[in-house]
Structure formats: C-alpha cells, structure tokens
Amino acid sequence: MRRAFGLPAATAATAALALLTLGSCATGDRAPLAGLEAPPAPRAFDAALVKRGEALAAIGNCRTCHTAAVGRAFAGGLPLETPFGTIYSTNITPDPQTGIGRWSEEAFRRAMREGVDRGGHHLYPAFPYDRFTLVTDEDDRAIYAYLMTRPPVESRPPANRIRFPFNVRAFIGAWKALYFKPGPYRADPAHDAAWNRGAYLAEGLGHCSSCHTPRNALGAERADRHFDGGEAEGWHAYAINARSNAPVPWTVDALRAYLQRGWHPQHGVSRGPMAPVTHELAMANDADVRDMARYVVALMDGRRGPAAERAAQAPGDGSAGARLYESACVQCHDGARPLPFGGIPLARSIGVAGESPRNLANVILYGLPAADAATAPIMPGYAGAMTDAQVVGLSRWMRARLTDKPPWEDLERVVAQARRAGPEGAQSVAGGAGLDPARMGDSR
Amino acid sequence: MSGRIEVNGTWRDVSSEPDTPLLYVLRDELALNGAKYGCGLGQCGACTVLVDDEAVFSCVTPLAMVEGRRITTLEGLGSAASPGPIQQAFIEEQAAQCGFCIPGMIMRTAALLRKEAHPGEAEIRKALHPNLCRCGTHMRILRAAVKAAKA
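**Student:** It is not clear to me how the confidence of the model for chain A should be interpreted in this structure. Could you clarify?
**Tutor:** A low pLDDT score tells you not to read the predicted coordinates there in detail. Residues and elements named next belong to chain A. Taken as a whole, chain A shows an average pLDDT of 88; of its residues, 85% reach a score of 70 or greater. Under a pLDDT of 50 for its full length, residues 22-26 has, in the predicted model, 4 contacts with residues more than four places off or in other chains. Segment residues 428-435 is flagged for pLDDT under 50; beyond a separation of four residues in sequence, or across chains, it makes 21 contacts in the model.

Below you can see the structure in the form of structure tokens.
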C-alpha cells in the first residue's frame, strides 16, 4: 500500500465541498479520441526512439507506480492511498483490452499534457500530469514508443475506491481549473541550455516536486513553497532548495552519483519512496541526470551545514540517549566500515539534521531491509527492542549533539505515528524493481 | 558495569559492558546457548529472542537497550525433557536439518503466537520472513509453525 499526500481527510473533505460548490462552472470532460484498430506492431517504432523512451521513462519513474508489488512491469494495480481514497495505477502495457494498446500517440500525449484518458475523462492527479504537462511532444513520442513496445499484459487493476465528493467527475474538472496549468516547458532565456534541460526534466518528467513540495488541503502542490519539502507514503521528502538542511552541502557530482547509485559516501543512502527513484535513474542518460543535479544544486546553493566531523568527538554524557547511541549506533556509523556493513557518521545524516524526524524514526524502527537480487545497504530495525521513549530519547540526543538545529517539536507524535504505520513502507524499498525481467518489462 | 534483566522469568544481574550484544550476555555470561550467532548483523535471525513479547535480533541489541526488560530465550519455552508446544511441533515435523536456524524460527513463531493465537499460513510466512534457513527446510519449518498455530 502506498500513501501519498499526508493530509487530514476531514480538512480535505471540507475544502472539497467548498470547491464543488464553487466549481459549478467546472470544465467538463474532453472529446473521446478514436481507438486504434489494433496495437501498433513493435517494429513500427524506430529502435533509437524506443531506446530514448526507455531512458526518459526511467526519469518519469513510470514503472514504480504502474507495477504492483506482485505483478508484471507496467501492468498497474499498485494501490496509492490518498486522503481522498485509494487509487489503483492503470495498466500502461499495450494490451488492447486492459492496457493502452488502442491508444494513439495523440491520446497518450493528451493524457500527459492535459490529464484525460482516451475517452476524454479527467484523470486523478495521482498521475502527476500537473508535472508531465511540461514534457515536449518529442519526448512524449519516445515514451509512447517505449511503452508500446513492452510485452502486453492482460490485467485489469481493481476499481478505485474514492470517497464522496472526490468521486464526482466535476470535482476533478474544478480541481484542474484551479490548480492545473497545461502547456509544455518554456525555456528561460536567462539561463543556458544545460540549466534549462535540467529544469525541464526535474520540474516536468522527473516530477521531483510531487513529493518535495508540500500540498494544500486538496492535494495540490503549494506553488509558494516549491521544493520546501513534502510527504510521501509515510516518509518525509526533504527540502531541496535554499532551505535544504543537508549537513554536507550537495555538489553536482555528489548529487549525480547519488541519483544514479542510490547512495553517496558523504550523504548516505536513498530510502523509502526515493529508493525506487534512484533505482530507475540508474537507467537514465548520464547527461540528463547531470543536468537535473546541476539545476537542483543551483537551487540549494549557499547552504552550509554544521561541521561534518562533530560526530567523531561527540562525548558521552551518561544520558539514556547517549548510552543508546554509543552502544547501538556508533559501531556501524563510525565511518570506518564500507557499505553495506557501515553507515555514514550520523552528523552527516540529513535524517538527523532534516526538518522532520519521520525518516529517522522509520529507519531506527524498521532498518533498511536487504534488497532482492541487488547489492544494497542494510540496517537491522529496532522496532522490537526499542520502546517509543527510547527512540525519542536517542533521536533527541542525536539532534542536540550532532547538529546545530533546534529540537524537533513533534518528535513524540511522529515516532508514535511511525510505529503505528508499521514496517510496510520500509519493506518496499531498496532495489526497486530488482533484476527480475518480468518486473522490468524487458521483452528481450 | 552491571545491568539487570529478567531472563526466562528470573531476574539476573549481569556484569557485561552496556554495549555488549544481548546474545553474548546470554551465551557467555548466562550460559544460555539456545540463541545462535549467525551473521552478527541482524540479517539472518539465528539469534532471535523475545524482548517483552517482541522478536529481536539479539546480536545487534546492546545490553543498554534492554536493561530492566523481560527476555525470553529458547530455554524459556521448554526443555529437551519437556518441550513446549512450539518446540514439540518442530520435533514432530522434523523441521531441522542442520538445526542452526531453528531456535530463531521457534522464537519468531513464539512472538507471532503471543500476538495472534491462530494465525493463517500467510501471516506465518510474513512473520518468519526475516529468518533465513540455508539447508532449505522451509516447508517443514512452515508445517511446524502451522501445527503450532493450530495447537
């Protein structure tokens, strides 16, 4: 189960009713587009175009949402839990009955650009068309070619379970009228081509802000807080702008390596919903990842954290937190062991320095589970051995001793929340789709 | 340095350093050799014991973390002469080949049964997931756990 848009449902419902009232002038459905007689033959697509589409689909992270936990690649059916109900991802293999086999390129492009399906019905913005709208016709063509050459899978995802009033079609139309600005990316002439390429990919297809920007009561990104940090599936997505709390400032090379490998010796590992993102980005074009890294690092520029070596000297003070840190954490987190047997010194960890303690709580409780068929960092979880009070004490101590940040105000609540949420979020991480060809959608 | 833990119903004073893994305290200081040293990284489950009623990897759990808490080891579930119901089920199904993982499998099963008296097979599989067996006796282990869950 995936969770998104961590908002109180009651707030959202109230706001939605107001919006429905207001949205009586909502935009209606769009015209249906004719279906293809049959899916185009794979050989109808140019091989180079398909290859380009594969690299772009990796940036779009299509596979992660459109593949169920036990399922074939791109066949959909993964539940996404939102305050508005549960939405199941659709089948985007070229199966004519249950997938997009009868979708023309025009229908595909329209879905990406305008957020409507082939029949002209509004799509829920769980499909991030508010971001994909920036994608150029040319890149949509390549992604279409890639998807239409995947093995077709006959599989109908379960029906969405959306609560009233969000299940009313006009609601999505009203939502779009308020929050959705369609149109492809327009280059900023004040910046060079590489910056624009990075911005185009990070803001559009990469849809970084879908997680890294906080959302309002109706699940729309708050434009005034772009990249300030948001929530995704029980994890915090850190601020990736000038508000970044990264203890070690990111460089372009470091971020590029992190995005491609899922870890960096100075920054640690990607985890939670970021793990499949980096797993996918390993398949993207190096130049594209570099340009995205350059764009995001430019936004974070000027950030300087506390001295990274504070940890090494952190002396014990006899408190319960210090005792736990010294007896449980430091043996692996002393920086002397290589991955996967050692972690970074915790003074370098954004888990300790970040704006929310949620990820730290998740990792202390549930660890980093070993990945299937992939080499990945591991950490045992302490949910069984540690009480909430111990997790709070340890986290508070690390925050005070290893960072120059103020104490977290909501630490107790967040730890209890992480405990209630259980280990599912942690278990779906590391390794992404793994190496199983069926889950990769590889027809070779 | 000393600490106090309740082991299998008896309070014990132990003198190990606070960063000593619970596994070493149990085996080296208290001569309770049921829990096994497998990987030492909390990745295989051979060292599983209960802290309160939760299954934990004792090889990565320092003494300082569990002072004053209630520990249950394999020895706390029964003896060779008088095995407990879960142990009896593992014997009847002959679930062991080399047997090294079995204490952990039994303790993981015990933790599940303390939460849920009659779990189904899917729940058992999920609960035993953290524990590894290298001999390949998984189906027998599963049968034993299912038997224990029905008892």
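**Student:** Hey, could you run me through the packing of helix α2 (residues 47-60) of chain A against helix α8 (residues 193-205) of chain A in this one?
**Tutor:** Residues and elements named next belong to chain A. Where α2 contacts α8, the two axes come as close as 9 Å, and the packing angle between them is 60°. In this structure, α2 uses Leu56, Ile59 and Gly60 to contact α8, whose residues at the interface are Arg197, Leu201 and Leu205. Of the residues that constitute the contact of α2 with α8, the class distribution is 4 nonpolar, 1 polar and 1 charged.

**Student:** Got a minute to help me understand the domain arrangement of chain A in this structure?
**Tutor:** When the parts come together, some accessible area is lost, and that loss is often what is quoted as the size of the interface. Residues and elements named next belong to chain A. According to the domain assignment, chain A contains domain 1 (9-179), domain 2 (193-300) and domain 3 (320-439). The C-alpha centroid of domain 2 is placed 23 Å from the C-alpha centroid of domain 1. Listed as interface residues are 29 residues of domain 1 and, on the opposing side, 26 residues of domain 2. Roughly 2300 Å² of surface becomes buried between domain 1 and domain 2 when both sides are summed, with 64% attributable to carbon and sulfur atoms. Its largest share of buried area at the contact with domain 2, domain 1 owes to Ala58, Ile59 and Arg131, together 28% of the area lost on that side.

**Student:** What's the story with the side chain of Arg271(A) in this structure? I'm lost.
**Tutor:** All names here are of chain A. Among the secondary structure elements, Arg271 is positioned in the loop between β8 (268-269) and α11 (274-281). Buried charge without a salt bridge: Arg271, with Glu355 as the nearest opposite-charge side chain at an N-O distance of 10 Å. In terms of polar contacts, Arg271 uses its side chain to reach the backbone carbonyl oxygen of Val269, at 3.3 Å.

**Student:** Help me understand the sheet that holds strand β4 (residues 54-57) of chain B, please; the structure alone is not making it clear to me.
**Tutor:** Backbone hydrogen bonds hold the strands of a sheet together, and the pairing may be parallel or antiparallel. Residue and element names in this part refer to chain B. Taken together, 5 strands build an open sheet; the order of strands is β2-β1-β5-β3-β4 and the sheet is mixed. The open sheet has two free edges, formed respectively by β2 (10-14) and β4, since each of these has just one partner strand. Averaged over neighbouring strand pairs, the angle between their axes works out to 40° when direction is ignored. Running over the sheet, helix α4 (residues 102-115) touches β3 (48-51), β4 and β5 (70-72) and is turned about 30° from β3.

**Student:** I would appreciate a short explanation of the packing of aromatic side chains in the present structure.
**Tutor:** Aromatic ring pairs: the centre-centre distance and the angle between the two ring planes describe each pair. Residue and element names in this part refer to chain A. Under the counting rule described, the total for this entry stands at 14 aromatic pairs over all chains. Ring geometry for Phe108 versus Tyr144: centroids 5.7 Å apart, planes at 45°, classification tilted. With Phe108 in helix α4 (residues 105-114) and Tyr144 in helix α6 (residues 137-148), this pair connects stretches of sequence that are 36 residues apart. Neither Phe108 nor Tyr144 differs from the other in exposure class; each is buried. With a centroid separation of 5.1 Å and 70° between ring planes, the pair formed by Trp250 and Tyr258 is classed as edge-to-face. Three or more aromatic residues link up through ring pairs in this structure, and these residues are Phe127, Tyr129, Phe132 and Phe180. In this structure, Lys176 packs its charged tip against the face of Tyr129, placed 4.9 Å from the ring centre. Over the ring of Trp263 we find Arg261; its NZ or CZ atom is 6.0 Å from the centre of that ring.

**Student:** Help me out: how do you make sense of the interface of chain A and chain B in this one?
**Tutor:** Listed as interface residues are 18 residues of chain A and, on the opposing side, 19 residues of chain B. Of the roughly 1400 Å² buried where chain A meets chain B, counting both sides, 59% is carbon and sulfur surface. Scanning the region where chain A abuts chain B turns up 1 salt bridge. Across the pair Arg323(A) and Glu67(B) runs a salt bridge whose closest N-O atoms are separated by 2.9 Å. For the pair chain A and chain B, the number of links is 5 residue pairs in polar contact (both at pLDDT 80 or more). Here the side of chain A that touches chain B gets 5 residues from one element, more than from any other, and that element is helix α14 (residues 320-329) of chain A. The class makeup of the residues in the side of chain A that touches chain B is 10 nonpolar, 5 polar and 3 charged.

**Student:** Help me out: how do you make sense of the pairing of β2(B) in this one?
**Tutor:** Both faces of the sheet carry side chains from a regular strand, because those side chains alternate between them. In terms of strand pairing, strand β1 (residues 3-7) of chain B meets β2(B) through 5 bridges, oriented antiparallel. In the sheet register, Val7(B) faces β2(B), and the bridge partner there is Thr10(B).

**Student:** What is the right way to look at the packing of helix α10 (residues 252-261) of chain A against α11(A) in this model?
**Tutor:** When two helices pack together, their arrangement is given by the angle between the helix axes and by the axis-to-axis distance. All names here are of chain A. Where α10 meets α11, the axes come as close as 5 Å, and the angle between the chain directions of the two elements is 95°. One element, α10, and the other, α11, form an angle in the roughly perpendicular class. In this structure, α10 contributes Tyr258, Leu259 and Gln260 to the contact, and α11 contributes Met274, Thr278 and Leu281. Per-class residue counts for the contact of α10 with α11 are 4 nonpolar, 2 polar and no charged.

How each quantity is defined
- Residues numbered from 1 in each chain as written.
- Chains lettered and ligands numbered in written order.
- Predicted model: local features only at pLDDT ≥ 70, side-chain atom pairs only at ≥ 80, totals over all residues.
- Heavy atoms only, no water.
- pLDDT = per-residue confidence, 0-100.
- Contact = heavy atoms within 4.5 Å.
- Axes fitted to C-alpha atoms, helices over the stretch in contact; angles between N-to-C directions.
- Helix = DSSP H or I, 4+ residues; strand = E, 2+ residues; numbered from the N terminus.
- Nonpolar A, V, L, I, M, F, W, Y, C, P; charged D, E, K, R; others polar.
- Domains from an automatic or database assignment.
- Buried area = accessible area lost by both parts, 1.4 Å probe.
- Buried < 20%, exposed > 50% of the residue type's maximum accessible area, 1.4 Å probe, protein only.
- Lys, Arg positive; Asp, Glu negative; His and termini not counted.
- Salt bridge = Lys/Arg side-chain N within 4 Å of Asp/Glu carboxyl O.
- Polar contact = N/O pair within 3.5 Å; in protein donor to acceptor, adjacent residues only side chain to side chain.
- Pairing = 2+ DSSP bridges.
- Phe/Tyr/Trp six-rings, centres within 6.5 Å; stacked < 30°, edge-to-face > 60°.
- Lys NZ or Arg CZ within 6 Å of the ring centre and 35° of its normal.
- Parallel < 35°, antiparallel > 145°, perpendicular 65-115°, else oblique.

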